[in-house]
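Each chain is listed here by its residues.
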Amino acid sequence: MDFKEIMFPLGAAFLLALLAGPLLIPLLRALKFGQQIRKEGPQAHQKKAGTPTMGGTIILLSLTLAALRFADKTPELVILLVATLGFGLVGFLDDYIKIVFKRSLGLTARQKLAGQLIVSGIVCFLLYRLDHPTDVQIPFFDAAIPLGWFYYIFVILLMMGMSNAVNFTDGLDGLLSGTSAIAFGAFVIIAMKLHSPDTAIFSAAMVGAVLGFLVYNAHPAKVFMGDTGSLGIGGGLVAAAVLTHSELLLIIIGGVFVVEILSVIIQVISFKTTGKRVFKMSPIHHHFELVGWSEWRVVTTFWTAGFLLAVIGLYLNEVF
């Protein structure tokens, strides 16, 4: 497989997302599927209230059609789509409840975690049926940690943790679209190196889908992806890492997402134990807004950080 073959699913998903935007965005607006903005958030965000959300359907639809068209429909592709669409469904339910039932928090924390646990369990069952290796590769070292049955617990925790980390990153126009495109781009290269064509095609299709969506999601955003998109992206990202034996490498390549969720955890622990906040607001991208950075400056800085982390991840994977 060469880069020419990769450009077909990437280009197809990009064009599908580009064409779906003008069709679905007016529909979401007509259905009054508008974003609710937290009152305690940055005041500059209040003007975004009512912007159509659940635009993640554009990403998931474009990705699925392109992947099914160009991939060989192997068990690996099934796992990738189950992880992505399964987590996307949990996000869709969360978005739907927020909008239709006017519940600002959507699914309760327990309901959301239960949904993520079920999807993660299905993915682990499929990995078991595929006889997927249960050891974890250590980046840059010719060594692996054999986990046996504990591997499946590890995958479940990784899927739930990273999908929520990706979800927290979706807070500024274009932030998650750009950082996820970079992360999946890295997994295109890793999958090609490992001769895993369906994972490479899937990852390339995701790059195309989120870049096509970015055309409408860049500042000022005409549509938000909602949890439908962010949870789906997170699920697919972990599945790509698992199938390329890059579970630990994902922590580096997806370092921006890790920092985002860590900022939330640190903020909560600090406030509950000392009554003081470490950041002006979490996730951390809001902190930078509140210290005076423009939204575009925050987004481009995080994109740059994501790119550098992806390069480091590829170097540790001995791609370079």
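Please refer to the structure placed before this passage.
Quantities reported herein were computed from a predicted structural model and do not represent experimental measurements. (Residues numbered from 1 in each chain as written. Predicted model: local features only at pLDDT ≥ 70, side-chain atom pairs only at ≥ 80, totals over all residues. Heavy atoms only, no water.)

## With respect to the overall build of the protein chain
To keep it simple, the criterion reads: Only DSSP runs of H or I covering at least 4 residues are called helices, and only runs of E covering at least 2 are called strands; the numbering of each starts at the N terminus. Atoms counted for the radius of gyration: C-alpha only. Globule rule: 2.2 Å times the number of residues to the power 0.38. For each residue, the accessible area found with a 1.4 Å probe, counting protein chains only, is set against the maximum for its type, and the residue is called buried under 20%, exposed over 50%, and partly exposed in between. Contacts are residue-level and defined by heavy atoms, with any inter-residue pair within 4.5 Å sufficient. The Shrake-Rupley method, run with a 1.4 Å probe sphere, supplies the accessible areas, and residue values consider only the shown protein chains as cover.
Across its full length, the protein chain carries 12 helices and two strands. For 320 residues, the compact-globule estimate of 2.2 N^0.38 gives 20 Å, and the C-alpha radius of gyration of the protein chain, at 19 Å, lies within 12% of that figure. Evaluated residue by residue, the protein chain yields a buried proportion of 52% over its 320 residues. Contacts spanning at least 24 positions in sequence make up 75% of the contacts within the protein chain whose residues lie at least 6 apart. Of the roughly 14,700 Å² of accessible surface on the protein chain, a fraction of 70% belongs to carbon and sulfur atoms.

## Considerations on the packing of helix α4 (residues 109–129) against helix α5 (residues 150–169)
The description of two packed helices rests on the angle between their axes and on the distance between the axes. Heads up, the condition is: Every axis in this analysis is a line fitted to C-alpha atoms, fitted for helices over the stretch in contact. Angles between the N-to-C directions lie between 0 and 180 degrees. Between 65 and 115 degrees an angle is taken as roughly perpendicular, under 35 as roughly parallel, over 145 as roughly antiparallel, and anywhere else as oblique. Throughout, a crossing is termed right-handed when the near helix is turned clockwise from the far one, and left-handed when it is turned anticlockwise from it by less than a right angle.
Look at α4 against α5: their axes get within 9 Å of each other, and the N-to-C directions meet at 135°. Our classification of the angle between α4 and α5 gives oblique. The handedness of the crossing between α4 and α5 comes out as right-handed. Contacts between α4 and α5 pair Lys112, Leu113, Gln116, Leu117, Ser120, Val123, Cys124, Leu127 and Tyr128 from the former with Tyr152, Val155, Ile156, Met159, Met160, Ser163, Asn164 and Asn167 from the latter.

## Some points on the layout of surface pockets
The line we're drawing: Both cavities and pockets are sets of points on a 1 Å grid over the protein atoms alone; in a cavity a 1.4 Å probe fits but cannot get out, in a pocket the set is open with protein on both sides within 12 Å along at least five of seven lines, and lining residues sit with an atom within 4 Å of a point. Grid points are joined across faces, edges and corners, and a volume is the space filled by probe spheres set on the points. Amino acids outside the nonpolar list (Ala, Val, Leu, Ile, Met, Phe, Trp, Tyr, Cys, Pro) and the charged list (Asp, Glu, Lys, Arg) are all regarded as polar, and Gly is one of them.
As a volume, the second largest pocket reaches approximately 240 Å³. Every residue lining the second largest pocket is counted, 14 residues in all, and those nearest its centre are Gln137, Ile138, Lys193, His245 and Asn317. Residues that form the lining of the second largest pocket fall into these classes: seven nonpolar, five polar and two charged.

## With respect to the packing of aromatic side chains
Stated formally: Only Phe, Tyr and Trp rings take part, Trp by its six-membered ring, and two of them pair if their centres are within 6.5 Å. Stacked means planes under 30 degrees apart, edge-to-face means over 60, and tilted covers everything else. Cation placement over rings: the criterion is NZ of Lys or CZ of Arg within 6 Å of the ring centroid and within 35° of the ring normal.
Per the stated rule, a full pass over the model turns up 11 aromatic pairs. Aromatic side chains Tyr128 and Tyr152 sit 6.4 Å apart centroid to centroid with 75° between the ring planes, which places their arrangement in the edge-to-face category. Of the two residues, Tyr128 is situated in helix α4 and Tyr152 in helix α5; the sequence distance between them amounts to 24 residues. Overall, Tyr128 belongs to the partly exposed group, its relative accessible area being 46%. For the ring pair Trp149 and Tyr152, a centre distance of 5.6 Å and an interplane angle of 55° mean the geometry is tilted. Grouped by ring-pair contacts, the aromatic residues Tyr128, Trp149, Tyr151, Tyr152 and Phe154 constitute a single cluster. Geometry around Phe70 places Arg69 over its ring, the cationic atom sitting 4.9 Å from the centre. Note that Arg297 overlies the ring of Trp293, its terminal NZ or CZ placed 3.9 Å from the centroid.

## A few points about unusual backbone geometry
Put simply, His219 and Pro220 share a cis peptide bond, and its omega is -5°. Here Pro220 is to be found in the loop between α7 (197–217) and α8 (226–243). Cis geometry is adopted by the peptide bond preceding Pro283, which originates at Ser282 and carries an omega value of 0°. Looking at the element boundaries, Pro283 is found in the loop between α10 (255–274) and α11 (284–290). Phi is positive for Asp131, which is not a glycine, with a value near 60°. Tracing the sequence through the fold places Asp131 in the loop between α4 and β1 (135–137). The exposed category is assigned to Asp131, whose relative accessible area is 66%. Phi is positive for His195, which is not a glycine, with a value near 55°.

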